[in-house]
Amino acid sequence: MKVIIVKDYEEMSLKAFEVMSEVVKNKPDAVLGLATGSTPIGLYKNMIKDHKENGTSYKQIKTVNLDEYAGLDYSSDQSYVYFMRSNLFDHIDIDLANTNIENGKATDRQKECDRYNALLEVMQQDIQVLGIGSNGHIAFNEPGTPFGSVTHIVDLAESTIKDNSRMFASIDEVPRQAFTMGLKNIMNAKKVLILANGANKAKAVYGLVKGEVTENLPASVLQLHPDCVLVCDEAAASLIK
Ligand code: F6R
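As the structure is a computational prediction, the values presented were derived from the model and not from experiment. (Residues numbered from 1 in each chain as written. Predicted model: local features only at pLDDT ≥ 70, side-chain atom pairs only at ≥ 80, totals over all residues. Heavy atoms only, no water.)

Draft legend 1. Representation of the site of the ligand within the structure. Near the ligand lie 14 residues; those nearest to it are Thr 39, Asp 67, His 137, Ala 139 and Lys 201. At 2.9 Å, a side-chain N or O of Thr 36 approaches an oxygen atom of the ligand. Contacts to the ligand include Thr 39, whose side-chain N or O atom sits 2.4 Å from an oxygen atom. About the coverage of the ligand: the protein hides 93% of its 410 Å² of free accessible area. Per-class residue counts for the shell around the ligand are four nonpolar, seven polar and three charged. (Near = heavy atom within 4 Å. Polar contact = N/O pair within 3.5 Å; in protein donor to acceptor, adjacent residues only side chain to side chain. Areas by Shrake-Rupley, 256 points an atom, 1.4 Å probe, with all protein chains shown as cover. Nonpolar A, V, L, I, M, F, W, Y, C, P; charged D, E, K, R; others polar.)

Quick look at the structure:
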């Protein structure tokens, strides 16, 4: 794993943009695996700025997102499809038909997981962007998720519900279940770019880089990936220095 430690969130976002930019420039029809949450917002801002200032085009780019809350769709401003549109897709020239995310409102949830897995089989990510949960989760693969998992429905951990409640009016409104790509789908990406900032991620970052490879800390599986880059700020890197 390549580890890049930078000063702060701004620098992390800029470095992440450089990594992303190389993929997009080298392959204008690349498949980008994208994440939501606070961590990648700065990366997406840099992509938008570059699109507006330098004309980098996303017309042929395809995307697959990691996860979506079960029960929410694009009409809910807490849904991840809404997040992707407002933080990235609506500000670049991407064709929305080329963007993919699990359908949170699917009535047959297993069928939706099967559809997404079939899609991922034919759309290998040229790069997969990840954040990391304070408990070491990646996407919504909570501790204990098998490394061989593919897209599935999860019961969110209490710590994740608490972490994510800041985005909702109250903790009671946070959905208790989500669709998520599995660890095997993530490991299938050609390149993984994982980002972390803030002191509350320090323990998880330690487990990611220096801990035992264990299903108790899902992100640790990335130690086995042949091309994984971690970009993190000093606060998140405090235990690995
Ligand atoms: C988001 C996702 C999650 C987040 C993680 C960190 O699509 O899959 O695993 O990356 O919960 O969230 P933030 O970035 O809000 O700290």
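That was the structure; now back to the text.
Draft legend 2. The pattern of salt bridges, seen in detail. Here the structure, examined in full by the defined rule, presents eight salt bridges. Between Arg 85 and Asp 90 there is a salt bridge, with the nearest N and O atoms lying 3.3 Å from each other. For Asp 90, a relative accessible area of 43% gives the class partly exposed. Of the charged contacts in the structure, one is a salt bridge between Arg 115 and Glu 112, with a shortest N-O distance of 2.8 Å. Taken together, the positions of Arg 115 and Glu 112, both in helix 4 (residues 109-122) and three residues apart, correspond to about one turn of that helix. The class of Arg 115 is partly exposed, set by a relative accessible area of 39%. Because the salt bridges share partners, they merge into one network encompassing Lys 27, Asp 126 and Lys 190. (Salt bridge = Lys/Arg side-chain N within 4 Å of Asp/Glu carboxyl O. Buried < 20%, exposed > 50% of the residue type's maximum accessible area, 1.4 Å probe, protein only. Helix = DSSP H or I, 4+ residues; strand = E, 2+ residues; numbered from the N terminus.)

Draft legend 3. Up close: the environment of Ser 13. As for its position among the elements, Ser 13 is in helix 1 (residues 9-26). Looking at Ser 13, the relative accessible area reads 3%, which means it is buried. It is 28 Å that separates the C-alpha atoms of Ser 13 and Glu 215, two residues lying 202 residues apart in sequence. With sequence-adjacent residues up to four places away left out, Ser 13 is seen in contact with Gly 42, Leu 43 and Asn 46. (Contact = heavy atoms within 4.5 Å.)

Geometric descriptors of this kind do not, in isolation, establish any biological role.
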